Structures are given as C-alpha cells and as structure tokens.
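# Structural overview
Read off the chains here:
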Amino acid sequence: MTSRGARTPASPSSSVVHSDTTSDNSADDSSITQESSWRLMHPILLVSEIVDGLKSIVSLMVGIGIIVLNRPQWRFWCFVALGVLLLTNVVVMPLLTYFTQSFRLSNGAIQFRCGIINRKRKVIGLSHVHAISKEQPLYFQPFHAIKLSVASAGDSNAEIVLSAVDESFQAELEQYRSSRCNADTALDRHGAAEAEADGRPDGTVVAVQPSLDQPLLSQPFQPNADIPVYRAHLRDIVVFAVTNLGLLGTLLAMLGLMDRLNEMVNGHILADVEHRIMQFIQTSIFAFSLLAIVVILAAVAFSVVTTLFKFYDFQVSLRGDDVVIQRGLLTRHTVVVPVQRIQNVSIHRNVLRSVLKLSSVTVALSAAHGSDDDGDSGSIDLIPVIRDRELYAVISHILPKWHIAQPRLKHTARGLLRYMLLIPLEITALLCLALIGIAVFTQHMWMLWLVLPSVLLGGLWCVFRLMKSRCEGYEILDDEHIVIGGASGFTMFTLFTKRSRIQTVDRYTTPLRMRADVEKLIMPLFAFGKDTRIRLSALKTTQAEQLAHWATHTNSR
C-alpha cells in the first residue's frame, strides 16, 4: 500500500499534476489575493458632476429669474437662493462625490464604496461577473477616461458602476479576472486530483477536467489580442435604420411635437400657418403627395442619424473566452461578455426585413449590463442587421460553442388556427355588440363610430395571432439545446437556448381545448431582457409532454 506522502508515478495514459505546478499556482494565487489600496475616481468626474448639477437646477434658475423680473423687492433673497444652489450643486456635491467614491481589486473581487452619511460597500466576485460595459463620452476621450459597469446576475442593483476611471483600468481588471479564474481552475483541478488519488489503490494523481458550466477562463488574458470576427459596414447601418419599424413612432413623435407648438407659439400665428399650408395642399394632389414625402423623408433621416449615433463602427471581436462588442459615434460603448454567461441567442426580423431577407441578432444575459440608448439593458445587439444567407455562418464564427445552424422547426399551431383566433374574434364581437347596444339604449348614435376602430383593432389582433400560428414551433437539438420559433407583434424570432436556463414548465388548457388535446405551454427562462420565456400558444398534448419531459429530466449519462 503506497502512502499519501510517497505516491507512485502515474501511468503513461494519465495526466500527472506535478509539485512544481502546484507551487507556481500557489504563488500566483498569493500574488493576486494581496490587498490593493483604495483608489479614487478619475478627476474628470468633477467636470461630469458639475455639468449634471447645472442641469438639475436649470428650471430653478429660470424660476428665480422670473421672480426677479416680477418681484424686484425680492431680488436680494433670490440672489442668495441662487448662490446657495450654485455652491451646493457646482462645488460642494461634486467634491463630496469625488472624495467619497473609491474602488479596488482585492481577494478575487472588485469592491466599491460610496456614500456620505450612509456608507455603502458593494463587492462582486470576479467569477460572478456576467458582463463588463465601457462607455467613453466625447469629452472623456482627451483624458483617456471611461465609465465602467461590472454586472453580476440580476437587475441593475447587482451592478457596480465606476463613473470615471482611467481606461487602463479595464485592461487591469481583465488581466486580474483572467489570473484569478485560471488560478482557481488550477486549484480546483489539483483538489479534485487529490480527492481522486485518495480513492485509487495505486495512489496515482489524475487531473480532473472542470465542468463546462463553470464560469472559467480557459485562455489567459492578453492585452491587444482581440480577434475581429464581424464589422458592420455603413450601408448595413443605413439599411437597419430604413427598415426599422420605429419610424412609425418617430412620425407619432413629430405629430406630438406639433401639438406642443400650440402651447409654445401664439395661437393666431399657428392658425395662420396652418391655413396657408391647407391652401397649398388643396391646390393639387401633387402638393399633398410632396408634403407627405417630405414628412416621411424627415422621419427616415431622423432614424438614420440616431442609428448612426448608436451603431457607428459596430464591431465584434473575440478575446479568449469573451465576446467584445464595440459601437457608437460620439460615445463609444464597449461590452465584454463571457460566452459562458450568455443565456440565449435570438434571431429576429420584422415584416419589412423578412421580405428583404434581413435579420438581426441579440444575446441575453442573466444580468443588466449598464444603461443603453434604447433603455434596454438586458439584451445586447450582437449583429444589428445581416443578410439571411450569411447569418448562420457569422453566428457560428462568433459563438462556435453554441453550434447554431439553420433549424428545422416542428410547427405546432399551423393546424390549430381556430384555437388561435377564437378569443380575438369573440372579444371583438362582444365589444362591437356592447357599443351598438349602448348607442341604441342611450340614443347616443355617435358611439357607433367607435365600432370601426374596435373592428380594426380586433383585425390587427387576428393578424398577430395568424403570424404566431405560422411561426411558432420548436426543435430539440440535443440533450441540452433547443430552438423555439415565434412572433411578437410585427416581429418574428428564432430563439436558441439551453435546458439549464429553463426555470419551470407551465401548461394551460380549457374545456374546449381539452377535448381536442390542445394546450398552451410557457417556460420562463433564467435571462434578463426581452426574451425571458418560451411561449407556444397552441400545441398538441403529446408535444407538450415531450417538451416538459425534455426540460425537467436530466441527462442520465
């Protein structure tokens, strides 16, 4: 029997963990766990806080000015109030914010503390990091400063935001994260090998591979070692803007701006302008068409400009086991996403892009990743717009471990259209009958005009349900991966996700559906953003049982 202190050499086919490797790992671990000193933010934070402070008191300054003009006897006290506001928001608060916020890297975590009276300290372990987001506004660039967000799982409360740090700190953070995770991996392997050796009769030490589900970095961090894999051309960004159905929202916003003009401009002047425009339109159909084209072109131009600000120089790179996404014209946004943290991959296209054979790709995490231009901090744009013939090749190049390919969906609702349209038709009919009955009973015949918009809305609802019936389906790829097809509004999507991301399986039915063995199935996902659940509105019971069995039964191998 070989003692633990004198183990026999391993066989040629075994991987042996040598003592010199262990000592190196211990040395590395001790070096990265040393306590680092607390650091203040970049001094540019003072400028940012002063600008924010001035913005916050603009309305108060305007109000004080109005009071001075209308109440000269109050001038002294108004100037005193203005001085106090300026002193507080431009001098005192920026200095307090700057000197009470600090951060450091220590013991495998990033730590942040802030607060004046109520002191707060937040710690995020580097092995729990789901995304690292960087923003660099235009006025930060000359000072080589950035705004850095480090997100863990959950909402924005599980996030550390460093408002202004030197841009070299991101490389330091990446290197620290890589060193720490690789050291932990080596220690885990050595510990597993020790445990394995204790149970072997010959005492051989065998290196045990870690689970792929662990958030580890298999490759060490190397500065400036990004491998470019995708870059959006200017024409792609313009096509994305032109085919964006958000143009309808832009047109509505322009109409809302016209309503605001009624409050800001003298009513007689605005009425005179409207009268002249109506006279111009009534001269010919050509004039009316020309005005409509001008309005549409203005909306398109606005969409193109805002899209360029967001997606200019959009590029995707690979850095070890991370995906690095960079974009933005004036403010450069950079998001570093560990591939292991991606919860699902969504390919989506609206009706217009579907006709043009164009798609967009987003990925979802289980964490917020900082503020975004459109207010969505959960999903991340992986590819703004791409031709369908190039789609799967590019995604496979960016995310090879996901094995994404053209799916062959088993459509679940194409033969069950009557169950999809029954509720919209019933509700629309009941609403129309109610409006007609109220109009006849109260003698308010003008209410009959409400029947028309009710029918239009009901018809639009039926169109959405029809799109769902054509798109909804699934394909179980293997024991871990699944593809779901569906539609939401005017947008069709294909969602790739994993079984480990599914939280529960909820099945619904009604007496009418029960007789035909038809159900509705919903599976919430462990994700933060738009695509947070799998939904199949109508499917056969056998299909629902197959999906439920796949989602809830673990692999026996």
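Residues numbered from 1 in each chain as written. Predicted model: local features only at pLDDT ≥ 70, side-chain atom pairs only at ≥ 80, totals over all residues. Heavy atoms only, no water.

Along the backbone of the protein chain there are 15 helices and 21 strands. A total of 557 residues make up the protein chain; the buried ones form 41% of that total. Across the protein chain, contacts joining residues at least 24 apart in sequence account for 61% of those joining residues at least 6 apart. On the protein chain, roughly 30700 Å² of surface is accessible, and the fraction owed to carbon and sulfur atoms is 63%. (Helix = DSSP H or I, 4+ residues; strand = E, 2+ residues; numbered from the N terminus. Buried < 20%, exposed > 50% of the residue type's maximum accessible area, 1.4 Å probe, protein only. Contact = heavy atoms within 4.5 Å. Areas by Shrake-Rupley, 256 points an atom, 1.4 Å probe, with all protein chains shown as cover.)

If you trace the seven strands from one edge of the open sheet to the other, you get β7-β6-β5-β11-β10-β9-β8, paired in antiparallel fashion. Among the strands making up the open sheet, the edge pair consists of β7 (159-166) and β8 (227-231). Neighbour to neighbour, the strand axes of the sheet diverge by 20 degrees on average, direction disregarded. In this sheet, strand β11 (residues 332-338) lies alongside strand β10 (residues 322-327) in antiparallel orientation, the contact comprising six bridges. Note that in β11 the partner of Ile 325 across the bridge is Val 335. Relative to β8, helix α11 (residues 388-398) is tilted by about 155 degrees, and along the sheet it contacts β8, β9 (315-319) and β10. (Pairing = 2+ DSSP bridges. Axes fitted to C-alpha atoms, helices over the stretch in contact; angles between N-to-C directions.)

What follows is about the packing of aromatic side chains. Summed over all chains, the structure comprises eight aromatic pairs. Seen in terms of ring centroids, Phe 103 and Phe 169 are 4.9 Å apart; in terms of plane orientation they differ by 70 degrees. Their pairing is edge-to-face. Of this pair, Phe 103 sits in strand β2 (residues 102-106) while Phe 169 sits in helix α5 (residues 168-198); the two residues are 66 residues apart in sequence, bridging distant segments of the chain. Here the two residues Phe 103 and Phe 169 agree in accessibility, since each one is buried. By way of ring pairs, the aromatic residues Tyr 230, Phe 240, Phe 311 and Phe 314 are connected into one cluster. The positively charged end of Arg 499 is found above the aromatic ring belonging to Trp 550, 5.9 Å away from the centroid. The ring of Tyr 508 carries the charged tip of Lys 520 above its face, separated from the ring centre by 5.2 Å. (Phe/Tyr/Trp six-rings, centres within 6.5 Å; stacked < 30°, edge-to-face > 60°. Lys NZ or Arg CZ within 6 Å of the ring centre and 35° of its normal.)

A word on the pairing of β2. Along β2, five of the five residues are buried, which leaves the element largely enclosed by surrounding structure. Alignment of strand β1 (residues 39-40) against β2, held across two bridges, turns out to be antiparallel. Paired with Leu 40 across the two strands is Ser 102, which belongs to β2. One ladder, built from five bridges, connects β2 with strand β3 (residues 109-114); its direction is antiparallel. Note on β3: the bridge partner recorded for Leu 105 is Ile 110. Adjacent in sequence and paired antiparallel, β2 and β3 are bridged by two residues, among which Asn 107 carries a positive phi angle near 55 degrees.

Before going further, it helps to spend a moment on helix α12 (residues 417-442). Taking 1.5 Å as the rise per residue, α12 with 26 residues should run 38 Å; its terminal C-alpha atoms sit 38 Å apart, in good agreement. Where α12 bends most, at Ile 423, the angle is about 25 degrees, and the proline Pro 424 comes one to four residues later. Against α13 (451-471), α14 (511-515), β20 (518-524) and β21 (533-540) lie the buried residues of α12. The first or second residue beyond α12 is Gln 443, which carries a positive phi of 65 degrees. (Expected span 1.5 Å × (residues − 1). Bend = angle between axes of the 7 residues up to and from the residue.)

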